[in-house]
Amino acid sequence: MIRNIRTAYLMLSPSLVWLLVFLVVPVGMITVISFTTNLGFGGILYEFSMEAYRLAFSSLYAKAIWQSLWWSVIATVICGIIAYPFAYFIAHAGKWKNFLLLLVMVPFWTNLLIRLYSWIILMNNQGVINNLLLKIGIIDEPITMLYTPFAIIVGLVYGFLPFMILPIYASIEQLDKTYLEAAEDLGANPVKTFLTVTLPLTFPGVLTGTIITFVPAISVFVVTDLLTGGRLLMIGNVIRDAFLVEMNWQLGSAISLLLMILVLLSIVVLIKFTSSDDDSSLL
């Protein structure tokens, strides 16, 4: 028994060391720095201070936090709406399944910056979309799409949609078809079978996709930099500027910790809310 426990810890040790070095230690460092005194130009005086948190809760930074949360939630919901039917189609695509999965993963082979630059060409006032709509006669003058929250949501959905598709596909692919056959034998129509059997059984994939889509979406800063020219800010932009532009490590550390807490609370609320719904549906 003891030997088995030692073997288990030995196998886990590389992962534990990785988490310790690249997660626990950095988080501990920024936690300590967030409560120190700023000397300017990146200087740190190790005297206790709450000034960074006072600044973090000021109107400017609080607005960036709530904007990030709101836009990320919208983008995650849109990803879920698009991803589920697409993942369902892939899972039932037969011989085309592997090819469609390859198409989903192709964007990962190209840098996100390059893919976002393509949206600048598409959504520009003289871009492809506006020129097409003008030629068709749907609009009389170009629609402003860049430098707006719409552009941010488009960039987030485009960038993180594969993160939603793949977990949902895996969940649908592993679904035991005998449950569907049983529902059909009991007289359930396809819609009722989907709502009462397929969707609840594949919900873990939806939950996983929601988490791994929402977490990077709320903290990314390259989307706003490219598609709004820095005119609109998300919390990732604020953290980057605090560290690299203002050289205020205390403020950057404080906002980073607040972002981590916000993400963790959002995930806990999401899991609690969805598990409550599952429990009530079983009753």
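Criteria and cut-off values
- Residues numbered from 1 in each chain as written.
- Predicted model: local features only at pLDDT ≥ 70, side-chain atom pairs only at ≥ 80, totals over all residues.
- Heavy atoms only, no water.
- Axes fitted to C-alpha atoms, helices over the stretch in contact; angles between N-to-C directions.
- Helix = DSSP H or I, 4+ residues; strand = E, 2+ residues; numbered from the N terminus.
- Parallel < 35°, antiparallel > 145°, perpendicular 65-115°, else oblique.
- Left-handed = near helix turned anticlockwise from the far one by under 90°.
- Contact = heavy atoms within 4.5 Å.
- Nonpolar A, V, L, I, M, F, W, Y, C, P; charged D, E, K, R; others polar.
- Core = buried A, V, L, I, M, F, W, Y, C linked by side-chain atoms within 4.5 Å.
- Buried < 20%, exposed > 50% of the residue type's maximum accessible area, 1.4 Å probe, protein only.
- UniProt positions renumbered as here; feature names shortened; annotations may be inferred.
- Phe/Tyr/Trp six-rings, centres within 6.5 Å; stacked < 30°, edge-to-face > 60°.
- Lys NZ or Arg CZ within 6 Å of the ring centre and 35° of its normal.
- pLDDT = per-residue confidence, 0-100.
- Salt bridge = Lys/Arg side-chain N within 4 Å of Asp/Glu carboxyl O.

Caption draft 1: Local environment of the packing of helix H8 (residues 177–185) against helix H9 (residues 190–201). Running from N to C, H8 and H9 point in directions that differ by 165°, and their axes come no closer than 10 Å. In terms of axis orientation, H8 runs roughly antiparallel to H9. Both H8 and H9 take part in a crossing whose hand is right-handed. Between H8 and H9, the residues in contact are Tyr 179, Leu 180 and Ala 183 and Thr 193, Val 197, Thr 198 and Leu 201, respectively. The residue makeup of the contact of H8 with H9, split by class, is five nonpolar, two polar and no charged.

Caption draft 2: How the structure looks around the nonpolar core. In this structure, Met 123, Leu 156, Ile 168, Val 223 and Leu 227 are the most contacted members of the largest nonpolar core, which totals 39 residues. Listing elements by their share of this core, those giving two or more residues are helix H3 (59–91), helix H4 (97–105), helix H5 (112–123), helix H7 (149–173), helix H10 (203–219) and helix H11 (222–227). Per-element tally for this core: the top contributor is H7, with 13 residues. The next biggest cluster of nonpolar side chains, apart from the first, holds 23 residues, and it includes Ile 30, Phe 214, Leu 257 and Leu 259.

Caption draft 3: Structural detail: the UniProt feature "domain: ABC transmembrane type-1" (unreviewed entry) in the chain. The feature "domain: ABC transmembrane type-1" (unreviewed entry), as given by UniProt, occupies residues 65–270 in the numbering adopted here. Secondary structure across residues 65–270 divides into 77% helix and 0% strand, with the first and last C-alpha atoms of the span separated by 18 Å.

Caption draft 4: Representation of the packing of aromatic side chains in the model. On inspection of all chains with the given rule, the structure shows ten aromatic pairs. Judged by centre distance (5.6 Å) and plane angle (80°), the ring pair of Tyr 84 and Phe 194 falls under edge-to-face. Here the residue Tyr 84 occupies a position in helix H3, and Phe 194 occupies one in helix H9, the gap between them amounting to 110 residues. Taking the relative accessible area as the measure of exposure, Tyr 84 reaches 9% and is therefore buried. Between Phe 108 and Phe 163, the aromatic rings sit 5.4 Å apart at their centres with planes inclined by 20°, giving stacked as the arrangement. One end of the pair, Phe 108, is in the loop between H4 and H5; the other, Phe 163, is in helix H7, with 55 residues separating them in the sequence. Note on Phe 108: relative accessible area 38%, which makes it partly exposed. A relative accessible area of 26% means that Phe 163 is categorised as partly exposed. One aromatic cluster in this structure is built from Phe 35, Phe 48 and Tyr 53. Above the ring of Tyr 147, the side-chain terminus of Arg 231 is found at 4.2 Å from the ring centroid.

Caption draft 5: Region of the structure containing the confidence of the model for the chain. Summarising the model, the chain shows a mean pLDDT of 88, and 95% of its residues fall at 70 or more. Model confidence for the chain, summarised as mean pLDDT per element, is weakest for helix H13 (residues 249–282) at 78 and strongest for H7 at 94. Across residues 279–283, confidence stays below pLDDT 50; counting only partners more than four residues off in sequence or on other chains, it has zero contacts.

Caption draft 6: Spotlight on the pattern of salt bridges. Within this structure, the stated rule accounts for four salt bridges. Glu 173 is the salt-bridge partner of Lys 97, the closest N and O atoms lying 3.2 Å from each other. Here Lys 97 is found in helix H4, whereas its partner Glu 173 is found in helix H7, with 76 residues between them in sequence. Assessed through its relative accessible area of 34%, Glu 173 is described here as partly exposed. A salt bridge links Arg 240 to Asp 241; the nearest nitrogen and oxygen atoms lie 3.0 Å apart. You can call Arg 240 partly exposed: its relative accessible area is 23%.

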